[in-house]
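# Examining the three-dimensional arrangement
Here is what each chain is made of, one letter per residue.
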Amino acid sequence: MGDLLTVVLAAGKGTRMKSDKTKVLHKIAGKEMLKHVVEIVEGLNSKIVSVIGYQAEMVKQNLKDYDLEFVKQEKQLGTAHAVMQAKEEIKKHDGPVLVLYGDTPVLKTSTLKKMIKKHKKDNAALSVLTAELDDPTDYGRIVKDDKNEIRKIVEEDDATVNEKQIKEINSGVYCFDSELLVEALENIDRDNAQNEYYLTDTVDYINNNGYKVIPVMINDNREIIGVNDRKGLAEAEKIIRKRVNEKLMESGVTIIDPSTTYIDKEVEIGKDSIIYPFTYIEKNTIIGKNTTIGPNSR
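Computed from a prediction, not measured in an experiment: that's the story for all the values here.

As a rule of thumb, soluble globular proteins bury nonpolar side chains together. Of all hydrophobic cores here, the largest spans 35 residues; its most connected members are Leu34, Leu98, Leu100, Leu107, Leu112, Leu129 and Val173. When near neighbours in sequence (up to four residues on either side) are disregarded, Leu98 contacts Leu4, Leu5, Thr6, Val7, Leu44, Leu112, Met115, Val173, Tyr174 and Cys175.

The structure is reproduced here in structure tokens:
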């Protein structure tokens, strides 16, 4: 997938976090949220451009060890405006462009690989990662035609009574044809209540020009959690810590009670080690083989 360009949107402040620190630098399992997202994308062998804005220098400094480029969004004028900041990079690129947010740390590389593969196979102009939710309130609904192609993405406030019944929602992860993305970005306006350029408006543009927009349904809807507040942060933390513990157990580590054992993502533990409950193992700790830790250790 070396012909892939990824644009990670990380310019917003994240006011609902009620924090002096930009949202994408809040930590999950010992690692900043944006680092989780960048590492997910690194598994795709992609060139990565991150759109930054609020506390831009701090974000840059924090990710200095990663191979990615930064572009700055001076004013926050919507999601499409954020992507526009990477327009020069997109213009130089020939191939698919993946667009996702810096607050989606639970996504899996395998899910994105599946999406890109389907995008290419179906010769789509735009593929949208979607999910089915029992309660789709507050999410953009996916309106499809009888060919299972996307006609539009309608936001909660604009949805009709019938559209609100739709359970399939927009995850905010997109795969575009590079040329059409530039064209669409240059042809959308901000004639809406928020006076912002919406990335979802590219769907109308691409459809109206006779190109194909397809949904790619995700298997596990927890992957699309966008962390907007402390509640979302705790939810993502729980999922990622569970994955960390499962990976360690698969490699031969005994964790007596995974639900009360907190291990950071960068930790290494040798096989046949036993970890007792209420143990916190943090940062870059390395534990050898046949070691017993805990209980109540940090």
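There's plenty left to go through after this.
With respect to the secondary-structure elements, Pro215 resides in strand E11 (residues 213-217). Placed 33 residues apart in sequence, Pro215 and Val182 show a C-alpha to C-alpha distance of 21 Å. Contact partners of Pro215, with chain neighbours within four places excluded, come to Lys118, Val128, Thr130, Lys144, Asn148, Glu149, Ile150 and Glu168.

Turning our attention to unusual backbone geometry. Negative phi characterises most residues that are not glycine, and trans characterises most peptide bonds. Going from Gly294 to Pro295, the amide bond is cis rather than trans, its omega being 0°. Within the secondary structure, Pro295 is located in the segment after strand E18 (292-293). The backbone of Lys18 sits at a positive phi, close to 50°, despite the residue not being glycine. Within the secondary structure, Lys18 is located in the loop between strand E1 (5-10) and strand E2 (27-28). What makes Lys18 exposed here is its relative accessible area of 71%. Although it is not a glycine, Asn148 adopts a positive phi angle of roughly 65°. Turning to its location among the elements, Asn148 is positioned in the loop between strand E8 (141-144) and strand E9 (150-154).

With that settled, the discussion passes to the sheet that holds strand E12 (residues 254-255). Adjacent strands of a sheet pair through backbone hydrogen bonds, lying either parallel or antiparallel. What the three strands build is an open sheet, ordered E12-E15-E18; its pairing is parallel. In this open sheet, the two strands that pair with only one neighbour each are E12 and E18. Bridge count for strand E15 (residues 274-275) against E18 is two bridges, and the pairing is parallel. For Ile275, the partnering residue across the bridge sits in E18 and is Ile293.

For the rest of this paragraph, the subject is the packing of aromatic side chains. With the rule as written, the count across this model stands at two aromatic pairs. Plain terms: the ring middles of Tyr262 and Tyr280 are 4.9 Å apart, the flat faces sit at 15° to each other, and that makes the pair stacked. Of the two residues, Tyr262 sits in strand E13 (residues 261-263) while Tyr280 sits in strand E16 (residues 279-281), which places them 18 residues apart along the sequence. Judged by its relative accessible area of 38%, Tyr280 falls in the partly exposed class.

Pairing of side chains with opposite charge becomes possible as their charged atoms draw close. Evaluation of the coordinates by the stated rule reveals 23 salt bridges. One salt bridge connects Lys72 with Glu74, and the closest N-O pair in it is separated by 3.9 Å. Among the residues examined, Glu74 registers a relative accessible area of 63% and is labelled exposed.

So, how was this worked out
Residues numbered from 1 in each chain as written. Predicted model: local features only at pLDDT ≥ 70, side-chain atom pairs only at ≥ 80, totals over all residues. Heavy atoms only, no water. Core = buried A, V, L, I, M, F, W, Y, C linked by side-chain atoms within 4.5 Å. Buried < 20%, exposed > 50% of the residue type's maximum accessible area, 1.4 Å probe, protein only. Contact = heavy atoms within 4.5 Å. Helix = DSSP H or I, 4+ residues; strand = E, 2+ residues; numbered from the N terminus. Pairing = 2+ DSSP bridges. Phe/Tyr/Trp six-rings, centres within 6.5 Å; stacked < 30°, edge-to-face > 60°. Salt bridge = Lys/Arg side-chain N within 4 Å of Asp/Glu carboxyl O.

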